[in-house]
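Fold and contact review
Each chain, letter by letter, is given below.
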Protein chains: 2
Amino acid sequence: MDVERELFRRSASRITVVAHVFGLLALVLLLVWLLHYRGGLDYDSENSYRVFNVHPFLMYFGFIFMAGEGMMAYKTVFGSHDVKKLTHMLLHLLAICLGVVGLCAVFKFHDMESMEDVYSLHSWIGIGTFSLFCLQWLVGFATFMFPRASKPTRERIFPWHISGGRALLYMSICAALTGLLEKATFLDLHHHYESRLINFTGLSILIFGILVDLSVAMARYR
Amino acid sequence: MDVERELFRRSASRITVVAHVFGLLALVLLLVWLLHYRGGLDYDSENSYRVFNVHPFLMYFGFIFMAGEGMMAYKTVFGSHDVKKLTHMLLHLLAICLGVVGLCAVFKFHDMESMEDVYSLHSWIGIGTFSLFCLQWLVGFATFMFPRASKPTRERIFPWHISGGRALLYMSICAALTGLLEKATFLDLHHHYESRLINFTGLSILIFGILVDLSVAMARYR
């Protein structure tokens, strides 16, 4: 049984490493797309498309990637349990802050182009996910950090915190993929290099999400 | 601790009931969309759009809904463990069969309209998910049904079967949402009734997926 556990520990840590690889691959592909094909990113630009480009960058790198790293902090950070927990909390807080800027960027873009806000499935899923994410952070903070709840309460909330976090991760992946597809459809790209680049970016984000989820899930079976 | 367990058992069974509600709600919304706004569905029609409509219907009701019901079979089916396991396997087999017809429908539509196949992120995610789903079914069948593997092997594969199944569920939800969004973007719908109907259908499918996942996840903590 100890051999089994050791095997599991090793596969779980291997999954965490591969998750990092796909997380960074998605970041590189996204940057190649935004910088090479889409004219770069600048929140204060007068070119509305450069303002828009801040949105996918911050929603992936600022929000999803940071949240994923936060979820894996218990495996990747050295130190005591409290250090891991603090890193977990801070990375999620960072994800919320960068996510807010990313959301502002797309509303600014809509203002500049006089476009409607919040009509597509992407925006509904995205805003729903972001709101529930903030709620999950607040409940998690009040339960596990300050004012820390009693042990029975913490034990009761723990499974919901884990399962809710994993559901939110997948919801944010759904938001990212619908967003990429919406943009690709608007641009009316078919079998071009750019279209394939967007697809590979989406696939890398999906695989990152699955691997972060698996690395958390596998820890439950040890 | 027994009170805790009883509370958990009750929340898990409540989640399963609500999952059914959202699964059926998504089906009703999808049918209203396809029958009222999109001219109905017919695989043998000469109207290519009626052929296309078979695709979203079967990929949701045939594939995702059946697979979700299959995942929850251990909670919803009365009888011995073997009866539950057989139902679990058969519902997933049915999902594969209906999924194949759903996939054929969209290729037939592309043929009729002389459109390119497999260029969008939706199609990449969809085909990837379907292929991995068939692989998961085959590995599951060979490990847990016939020729049943030895106990240590079954125990080693079990966590991967559960976690892989949950990942595949979310991948299929991603495929469904990107598909709905792609169609909505092609139709260039904004703040119309139809656009909102598609969004609510997508949200119901997402909530169905999350609840199926939670009902499986919560069972792990009992």
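This structure is a prediction, so every number in the text was calculated from the model and none was measured.

Glancing now at the overall build of chain A. The secondary structure content of chain A amounts to seven helices and zero strands. The secondary structure elements of chain A, listed N-terminal to C-terminal, are α-α-α-α-α-α-α. The C-alpha radius of gyration computed for chain A amounts to 19 Å, which stays within 12% of the reference 17 Å derived for 222 residues, consistent with globular compactness. When the backbone C-alpha atoms are referred to their principal axes, chain A occupies close to 55 × 40 × 30 Å. With 222 residues in all, chain A has 53% of them scored as buried. A fraction of 75% describes how many contacts in chain A between residues 6 or more apart in sequence connect residues 24 or more apart. Roughly 10,300 Å² of accessible area belongs to chain A as shown, and the carbon and sulfur atoms make up 67% of that amount. With 19 positive and 17 negative side-chain charges, chain A shows a separation of 14 Å between the mean positions of the two kinds.

Across soluble globular proteins, nonpolar side chains have a tendency to be buried as a group. Grouped together as the largest cluster of nonpolar side chains are 118 residues, with contacts concentrated most on Y60 and L206 of chain A together with Y60 and L206 of chain B. In contact with L206 of chain A, other than residues within four places in its own chain, are I173 and L177 of chain A together with I125, M171 and C174 of chain B.

A word on the layout of surface pockets. What the largest pocket holds in volume is close to 1,000 Å³. The set of elements that each furnish at least two residues to the lining of the largest pocket consists of α1 (2–37), α2 (48–71), α3 (73–76), α4 (81–112), α5 (121–145), α6 (151–187) and α7 (193–219) of chain B. If one sorts the elements of the lining of the largest pocket by residue count, α6 of chain B sits on top with ten residues. Residues that form the lining of the largest pocket fall into these classes: 18 nonpolar, twelve polar and nine charged. For the second largest pocket, the calculated volume is near 890 Å³. Lining the second largest pocket are 29 residues, with Y74, H88, F158, H161 and I162 of chain A sitting closest to its centre. Mapped onto the lining of the second largest pocket, the elements with two or more residues apiece are α3 (73–76), α4 (81–112), α5 (121–145), α6 (151–186) and α7 (193–219) of chain A. The biggest single contributor to the lining of the second largest pocket is α6 of chain A, with eight residues.

Let's shift gears to the relation of the copies chain A and chain B. Expressed as a screw operation, the relation of chain A to chain B combines 0.0 Å of axial shift with a rotation of 180 degrees, fitting to an RMSD of 0.0 Å. Both copies are brought into coincidence by an operation consistent with a two-fold rotation axis.

Residue and element names in this part refer to chain A. With numbering aligned to this structure, UniProt lists the feature "transmembrane region" (unreviewed entry) at residues 12–37, 57–77, 89–109, 121–146, 167–186 and 198–219. Taken as a whole, residues 121–146 contains 96% helix and 0% strand, while its terminal C-alpha atoms sit 36 Å from one another. End C-alpha to end C-alpha, residues 198–219 measures 32 Å, and it is 100% helix and 0% strand.

Moving on, we get to the interface of chain A and chain B. Facing the 48 residues of chain A at the interface are 48 residues of chain B. For the pair chain A and chain B, the interface holds zero salt bridges. Between the two partners, chain A and chain B, sit four residue pairs in polar contact (both at pLDDT 80 or more). Looking at the side of chain A that touches chain B, the elements with two or more residues in it are α1 (2–37), α5, α6 and α7 of chain A. Sort the elements by how many residues they give to the side of chain A that touches chain B and α6 of chain A lands first, with 19 residues. A breakdown of the residues in the side of chain A that touches chain B according to their chemical character gives 29 nonpolar, eleven polar and eight charged.

Each value, and the rule that gives it
- Residues numbered from 1 in each chain as written.
- Chains lettered and ligands numbered in written order.
- Predicted model: local features only at pLDDT ≥ 70, side-chain atom pairs only at ≥ 80, totals over all residues.
- Heavy atoms only, no water.
- Helix = DSSP H or I, 4+ residues; strand = E, 2+ residues; numbered from the N terminus.
- Rg over C-alpha atoms; globule rule 2.2 N^0.38 Å.
- Buried < 20%, exposed > 50% of the residue type's maximum accessible area, 1.4 Å probe, protein only.
- Contact = heavy atoms within 4.5 Å.
- Areas by Shrake-Rupley, 256 points an atom, 1.4 Å probe, with all protein chains shown as cover.
- Lys, Arg positive; Asp, Glu negative; His and termini not counted.
- Charge placed at Lys NZ, Arg CZ, Asp CG, Glu CD.
- Core = buried A, V, L, I, M, F, W, Y, C linked by side-chain atoms within 4.5 Å.
- 1 Å grid on protein atoms, 1.4 Å probe; cavity = no way out; pocket = protein on both sides within 12 Å on 5 of 7 lines; lining within 4 Å.
- Points joined across faces, edges and corners; volume = space filled by probe spheres on them.
- Nonpolar A, V, L, I, M, F, W, Y, C, P; charged D, E, K, R; others polar.
- Least-squares fit on C-alpha atoms with pLDDT ≥ 70 in both.
- UniProt positions renumbered as here; feature names shortened; annotations may be inferred.
- Salt bridge = Lys/Arg side-chain N within 4 Å of Asp/Glu carboxyl O.
- Polar contact = N/O pair within 3.5 Å; in protein donor to acceptor, adjacent residues only side chain to side chain.

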